[in-house]
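Commentary on secondary and tertiary structure
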Amino acid sequence: MMACASVDHLIVGAGFAGSVCARVLADAGRSVHLVERRPHIGGNAYDTHDAAGVLIHPYGPHIFHTQAKRVIEFLSRFTDWRFYEHRVLAEVDGQLLPIPINRTTLNRLYGLNLSEDEAAAFIDRVRQPRDPIKTSEDVVLNSVGPDLCERFFRGYTRKQWGLDLSELSAGVAARIPTRSNDDDRYFTDTYQLMPLNGYTALFERMLAHPGIQVETGVDFAEARERIPHRHLIYTGPIDAYFGHRLGRLPYRSLSFEHEHLPGVERYQPVGTVNQPNQHAYTRTTEFKHITGQLHSGTSIVREYPQDVGDPYYPVPRPENEALFQRYAQLADAEQDVTFVGRLAQYRYYNMDQIVAAALKAAESLLA
Ligand code: FAD
Ligand code: UDP
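Attention here is on the structure that accompanies the text. The structure displayed is predicted, hence computed values, not measured ones.

**Digging into the sheet that holds strand 15 (residues 298–306)**
- One open sheet accounts for 7 strands, arranged 8-7-13-14-15-12-16; its pairing is mixed. If you trace the sheet from one side to the other, it starts and ends with strand 8 (95–99) and strand 16 (313–314), each paired once.
- Note: strand 13 (residues 272–274) against strand 14 (residues 283–286), 3 bridges, orientation antiparallel. Within strand 14, the position partnered with Val-273 by the bridge is Thr-284.
- Sheet strands touched by helix 3 (residues 103–110): strand 7 (88–92) and strand 8. Its angle to strand 8, the strand with the most contacts, is close to 155°.

In structure tokens:
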């Protein structure tokens, strides 16, 4: 019997991290074998049509936005785009108010009629300057003060993370800006675009290359010995790779409640409605806003945060970062293994940041 030829790269995980690496390496002539334990490609960005035919994101809403021209240029090889700017309302005191907090939020919440300058002065009056800014509580109090913190941030954060704002690193709440103007977009990035035919179609084109072999429904534990390889790219949780030998890194999980509403064309006025203070779920997203799909019914998802289940979010706080750094030292000592991705790098990264990290990782393997 002939010995199985060794591939140049075995890649674990078919999300953005693994798939971008696969394509860049294959384009350079390398042979790639990609294994994914789920029955599909795309990682958490995977999308599919539900039974009613509405395009949904089974792992929660994924909105693409970036400042990085290079990331858009790379992905544009595999998709056309649809312009989409995400808007979010938070249900507070029986009203649906813009979040990030802006002039409209203040005027409607407090029954005021502030101009933009007056809104800036209002925020300046209520904020509590903090120095140094270490936690997410520092961030929120420093930007909007205690009343707005309680109404918009503390409850949502407790639900989402199972922790108080004061227990989370500053970077978590720093994702949400404060505005004194009427800009009600969730993101202000230069490029705010959705893949025209969805993420899965984008991944299919990215992975369609004679140098890439993809196997879904296969775990690394099984593929490791079966597929001889010169080099490994691992995009799963870093502590799992090392058999949790230094202890488990905490991840936050979610359970998703998907629902199709036949005959309802519009369920809510914007893509996402946040629930900072009521209900067990954090937010409800209506996919048709995001995808632009026309359909006589609509499909929504509610997100229920939980401790157990698939790892979705690293939990940014100093003790977790310290444990991650110990794993990162083990990772540095591994021969011929590259760790890249949200769970492998234990970073609260958006999709574009993962694409950028994967481009960098793959290019360094070609240098
Ligand atoms: P993943 O997409 O998690 O892919 C890793 C893959 O590795 C998984 O498919 C997993 O099954 C596989 N794997 C792990 N271990 C093994 C193993 N042992 N064997 C085989 N396969 C394995 N980002 C945005 O930019 N905009 C958003 O709006 C946005 N919304 C989000 C909403 C939610 C609810 C979540 C959870 C994330 C969101 N993100 C968003 C972040 C985005 O999902 C990530 O940045 C991105 O998907 C990370 O890509 P990745 O390849 O690192 O990881
Ligand atoms: N956040 C909040 N209230 C909101 C929106 C966000 O308290 O209405 C806080 C919360 O801690 C959340 C973080 O800001 O986890 C980041 O929010 P983002 O919408 O970026 O979270 P993601 O989309 O990554 O789940």
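Still more to cover.
**Comments concerning the site of ligand 2**
- Surveying the vicinity of ligand 2 reveals 15 residues, the closest of which are Thr-157, Arg-175, Tyr-186, Tyr-313 and Tyr-348.
- A distance of 2.8 Å separates an oxygen atom of ligand 2 from a polar atom in the side chain of Arg-175.
- Between ligand 2 and Tyr-313, the relevant distance is 2.5 Å, taken from an oxygen atom to a side-chain nitrogen or oxygen of the residue.
- For ligand 2, the accessible surface in isolation is 520 Å², of which the surrounding protein chains cover 94%.
- A per-element tally of the shell around ligand 2 places helix 5 (residues 136–161) first, with 6 residues.
- Taken together, the residues of the shell around ligand 2 sort by class into 10 nonpolar, 3 polar and 2 charged.

**Details of the sheet that holds strand 6 (residues 81–83)**
- The 3 strands are arranged 5-9-6 in an open sheet whose pairing can be described as antiparallel. Each end of this open sheet is capped by a strand with a single partner; those strands are strand 5 (65–66) and strand 6.
- Sheet topology note: the strand 5/strand 9 (residues 191–195) ladder contains 2 bridges and is antiparallel. Bridge pairing in strand 9 places Thr-66 opposite Tyr-191.

**With respect to the site of ligand 1**
- The full set close to ligand 1 counts 29 residues, and Glu-36, His-62, Ile-63, Tyr-349 and Met-351 are the nearest of them.
- His-62 has a polar side-chain atom sitting 2.7 Å from an oxygen atom of ligand 1.
- Here a nitrogen atom of ligand 1 sits 3.0 Å away from a polar atom, N or O, in the main chain of Phe-220.
- For ligand 1, the protein covers 94% of the area, taking 1000 Å² as the surface of the free molecule.

**Describing the nonpolar core**
- With 68 residues, the main nonpolar core has Phe-16, Val-20, Phe-74, Leu-75, Phe-152 and Phe-153 as its most contacted residues.
- Phe-153 has contacts with Ile-99, Ile-101, Val-140, Val-144, Leu-148, Leu-165 and Ile-176, leaving out every residue within four places of it along the chain.
- Core analysis: the next-biggest nonpolar cluster, separate from the first, contains 40 residues, Ile-56, Ile-227, Val-301 and Tyr-327 among them.

**Focus: unusual backbone geometry**
- The step from Ile-99 to Pro-100 runs through a cis peptide bond, and the omega angle for that step is -5°.
- Within the fold, Pro-100 resides in the loop between strand 8 and helix 3.
- In the segment running from Asp-131 into Pro-132, the intervening peptide bond is cis, with an omega of 5°.
- With respect to the helices and strands, Pro-132 occurs in the loop between helix 4 (116–126) and helix 5.
- With a phi close to 55°, His-244 is a non-glycine residue in the positive phi region.
- Within the secondary structure, His-244 is located in the loop between helix 9 (238–241) and strand 12 (251–261).
- Judged by relative accessible area, His-244 falls into the partly exposed class, the value being 25%.
- Unlike most non-glycine residues, Tyr-346 shows phi in positive territory, near 50°.

Parameters at a glance
- Residues numbered from 1 in each chain as written.
- Chains lettered and ligands numbered in written order.
- Predicted model: local features only at pLDDT ≥ 70, side-chain atom pairs only at ≥ 80, totals over all residues.
- Heavy atoms only, no water.
- Pairing = 2+ DSSP bridges.
- Helix = DSSP H or I, 4+ residues; strand = E, 2+ residues; numbered from the N terminus.
- Contact = heavy atoms within 4.5 Å.
- Axes fitted to C-alpha atoms, helices over the stretch in contact; angles between N-to-C directions.
- Near = heavy atom within 4 Å.
- Polar contact = N/O pair within 3.5 Å; in protein donor to acceptor, adjacent residues only side chain to side chain.
- Areas by Shrake-Rupley, 256 points an atom, 1.4 Å probe, with all protein chains shown as cover.
- Nonpolar A, V, L, I, M, F, W, Y, C, P; charged D, E, K, R; others polar.
- Core = buried A, V, L, I, M, F, W, Y, C linked by side-chain atoms within 4.5 Å.
- Buried < 20%, exposed > 50% of the residue type's maximum accessible area, 1.4 Å probe, protein only.

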